[in-house]
Amino acid sequence: MLRQSRQLLHRTLKSAPLWRRATFISIQGFPANLTWYSRKTGCFRSALEKRNLSSRASKKMELPEVILVGFGNPLLDITTVIEDNMLLEKYGLEANAAIIADEKHENLFEELDNMDNVQYSAGGACQNSLRVFQWIVGPPNRCAFFGAVGKDKFADRIVKRARADGVETHYQVKEELPTGTCAVIVSGQNRSLVANLGAAALFTEDWMDEEENCCVVDCASYFYVTGFFLAVSPDTVFRMAKLSSETNRTLILNLSAVFVLEMQKEQLDNIMPYVDIVIGNKEEILAFAETHLWNTKNIFEIGKQMQSLPKDNGRPRMVMVTDAVCPVLCFQENERILEYPVPKVDKKKVVDTNGCGDAFVGGFLSQLVQKMPLDYCIRTGIFASQQIIGVLGVTIDKLPKFTDNCI
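Structure report, in brief. Just so it is clear, the model here is predicted, and its values are computed rather than measured.

**Notes on the overall build of the protein**
Along the backbone of the protein there are 15 helices and 17 strands. Going through the 407 residues of the protein one by one, you find that 58% of them count as buried.

Given below as structure tokens:
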């Protein structure tokens, strides 16, 4: 379990050159389009876009409560900024590294909790995405989150922080282990992260049999699952995947990390026929091809093959690929491909890259559930990720109010 959780902290959104134009192929009714990023306004603009933002916004849905349900591993992020290296030296930590907690770090989280200058947030990849989702859509409880926590003060804190950001939480309480935590120690431009998965690793499928939880699932039209959670509770993911397919709802899977593809291949293959949207970075997509012996490193070939894998309900699958240099790629039926470049970020404005990939997903989902055009969903994801890297941690209360003028 410790070896697997080492991948929890290796998730970033990639960037591509500023002002580079993106050519859009007509995809499922979306018109061909040319889009660029304006440094002056800080917004995306389309050369062919003639409708104003207010008319576009008026077509958005009034979202019902719990339209989206996410499944992930909740971690209470505890962030502190230090002026010297005493804390790092005390626990044998490097200034810029990400590790899994062991016995010598047992008291670290308690010591951080007793400090005056600490910041708490309801972390973990999926929960971060849902908090960003809520920041964009506005009214609270438009999404719900499932995961496992311990019975301790850190559980109380993570509940408080998640709900403050508008997320409806349905945590399974596991007393055997403490609530999952991640210590984030900031020194200048360096980040030392120490993660303890804790009770998050103990989530069990039977929690979904509870009447209240069944009602929450019945309300949802979209299900979002991370590969990290698949490694913890594959039975729960398979159950939700089949339900989504049988009831004509949408299942989104984030591959999350290379280790998921290497160690959970059978479980991943079991749910893939039910997945409507797959999200992964280039490394994860390449790992998928390698574990399936496709004998190619051509991202376009792999994307097309993943998109065309057998689908249970006949609905076309979309595969979304992010990369450090190349644009976001979206593979759809009939070999249709959308390419979208990510504007380059001024390095002087980068405060913290942790969580920007989670923010991209949250932004994307916020528009997907409102049935907005695909390029609009992607632009919102990019905007969200580039807002998050300008603040310390995934701290929603430090972000500006989202409006359609941002896109």
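**As for the packing of helix H12 (residues 282-291) against helix H13 (residues 299-307)**
Their axes nearest at 10 Å, the elements H12 and H13 cross at an angle of 70°. Overall, the two elements H12 and H13 adopt an arrangement that is roughly perpendicular. Where H12 crosses over H13, the two elements pack in a sense that is left-handed. Residue-level contacts link Lys282, Ile285, Leu286, Phe288 and Ala289 of H12 to Ile299, Ile302 and Met306 of H13. Taken together, the residues that form the contact of H12 with H13 break down as seven nonpolar, no polar and one charged.

**Quick notes on the sheet that holds strand E10 (residues 181-187)**
Spatially, five strands are ordered E6-E11-E10-E5-E7 in an open sheet, and the strand pairing comes out mixed. Pairing within the sheet leaves two strands with one partner each, and these edge strands are strand E6 (97-100) and strand E7 (118-123). If you compare each strand with its neighbour and ignore which way they point, the axes differ by 15° on average. When strand E5 (residues 75-81) meets E7, the two strands line up antiparallel, connected through six bridges.

**Details of the nonpolar core**
Membership of the largest hydrophobic core comes to 57 residues, with the highest contact counts inside it found for Leu68, Leu108, Phe364, Leu365 and Ile378. Every residue in contact with Ile378, bar those within four places of it in the chain, is listed here: Cys330, Leu338, Tyr340, Phe360 and Phe364. Counting 48 residues, the second largest nonpolar core, distinct from the first, contains Ala144, Ala148, Val217 and Val237.

**What to know about the sheet that holds strand E17 (residues 336-340)**
Taking strand neighbours across the sheet as the criterion, the nine strands line up as E9-E8-E4-E12-E13-E14-E15-E16-E17 in an open arrangement whose pairing is mixed. The open sheet has two free edges, formed respectively by strand E9 (168-173) and E17, since each of these has just one partner strand. Here the strands of the sheet are splayed against their neighbours by 15° on average, with no regard to which way each runs. As paired elements, strand E8 (residues 143-149) and E9 share six bridges and run parallel to each other. Following the sheet pairing, Ala144 is matched in E9 by Glu168. Set on the sheet, helix H5 (residues 125-137) makes contact with strand E4 (68-71), E8, E9 and strand E12 (222-226); between it and E8 the angle comes to about 155°. In the packing of helix H7 (residues 211-219) onto the sheet, contacts are made with E4, E8, E9 and E12, and the angle to E9 comes to roughly 140°.

**What about the state of the cysteines?**
Across all of its chains, the model carries zero disulfides by this definition. Of all cysteine sulfurs, the one in Cys330 lies closest to Cys377, which takes part in no disulfide; the gap is 9.3 Å.

**Topic: the pattern of salt bridges**
In the structure shown here, the tally under the stated rule is 14 salt bridges. Between Lys153 and Asp113 there is a salt bridge, with its nearest N and O atoms 2.8 Å apart. Of this pair, Lys153 sits in helix H6 (residues 153-164) while Asp113 sits in helix H4 (residues 108-113), placing them 40 residues apart in sequence. Between Lys242 and Glu246 there is a salt bridge, with the nearest N and O atoms lying 3.9 Å from each other. With a gap of four residues between them, Lys242 and Glu246 both fall in helix H9 (residues 234-246), about one helical turn apart. Given a relative accessible area of 32%, Lys242 falls into the partly exposed group.

**Focus: the pairing of E17**
Two strands pair when backbone bridges link them, and strand E16 (residues 328-332) and E17 are joined in this way by five bridges, in the antiparallel orientation. In the sheet register, Gln332 faces E17, and the bridge partner there is Arg336. In this structure, the hairpin formed by E16 and E17 is closed by a connection of three residues, where Asn334 is found at a positive phi of approximately 60°.

**Comments concerning H13**
Within H13, the full set of buried residues consists of Ile299, Ile302, Gly303, Met306 and Gln307. Projected down its long axis, H13 carries its buried residues within an arc of 130°, all on one side. Packing partners of the buried residues in H13 comprise strand E14 (277-281), H12, strand E15 (318-322) and E16.

**As for the packing of aromatic side chains**
Evaluation of the coordinates by the stated rule reveals nine aromatic pairs. With 5.2 Å between their ring centres and 65° between their planes, Phe203 and Phe229 make a pair best called edge-to-face. You can see Phe203 sitting in the loop between strand E11 (190-196) and H7 and its partner Phe229 sitting in helix H8 (residues 227-232), a full 26 residues away along the chain. Residues Phe203 and Phe229 agree in their burial class; the two are buried. Where Phe288 meets Trp294, the ring centres are 5.5 Å apart and the plane angle is 65°; that geometry is what we call edge-to-face. On the accessibility criterion, Phe288 (1% relative accessible area) is buried. Look at Trp294 and you get buried, because its relative accessible area is 19%. Aromatic rings pair up to connect Phe71, Phe146, Phe203 and Phe229 into one cluster. Above the face of the Tyr120 ring, Arg157 is positioned so that its terminal group lies 4.6 Å from the ring centre.

**Notes on the packing of H5 against helix H14 (residues 356-368)**
Between H5 and H14, whose axes approach to 7 Å, the crossing angle comes to 45°. Taken together, the axes of H5 and H14 are oblique relative to one another. In the packing of H5 onto H14, the handedness of the crossing is right-handed. The segment H5 lies against H14, with Ala125, Asn128, Ser129, Val132, Phe133, Ile136 and Val137 engaging Asp358, Ala359, Val361, Gly362, Gly363, Leu365, Ser366 and Gln367. The class makeup of the residues in the contact of H5 with H14 is eight nonpolar, six polar and one charged.

Thresholds applied
Residues numbered from 1 in each chain as written. Predicted model: local features only at pLDDT ≥ 70, side-chain atom pairs only at ≥ 80, totals over all residues. Heavy atoms only, no water. Helix = DSSP H or I, 4+ residues; strand = E, 2+ residues; numbered from the N terminus. Buried < 20%, exposed > 50% of the residue type's maximum accessible area, 1.4 Å probe, protein only. Axes fitted to C-alpha atoms, helices over the stretch in contact; angles between N-to-C directions. Parallel < 35°, antiparallel > 145°, perpendicular 65-115°, else oblique. Left-handed = near helix turned anticlockwise from the far one by under 90°. Contact = heavy atoms within 4.5 Å. Nonpolar A, V, L, I, M, F, W, Y, C, P; charged D, E, K, R; others polar. Pairing = 2+ DSSP bridges. Core = buried A, V, L, I, M, F, W, Y, C linked by side-chain atoms within 4.5 Å. Disulfide = S-S within 2.5 Å. Salt bridge = Lys/Arg side-chain N within 4 Å of Asp/Glu carboxyl O. Arc of directions from axis to C-beta. Phe/Tyr/Trp six-rings, centres within 6.5 Å; stacked < 30°, edge-to-face > 60°. Lys NZ or Arg CZ within 6 Å of the ring centre and 35° of its normal.

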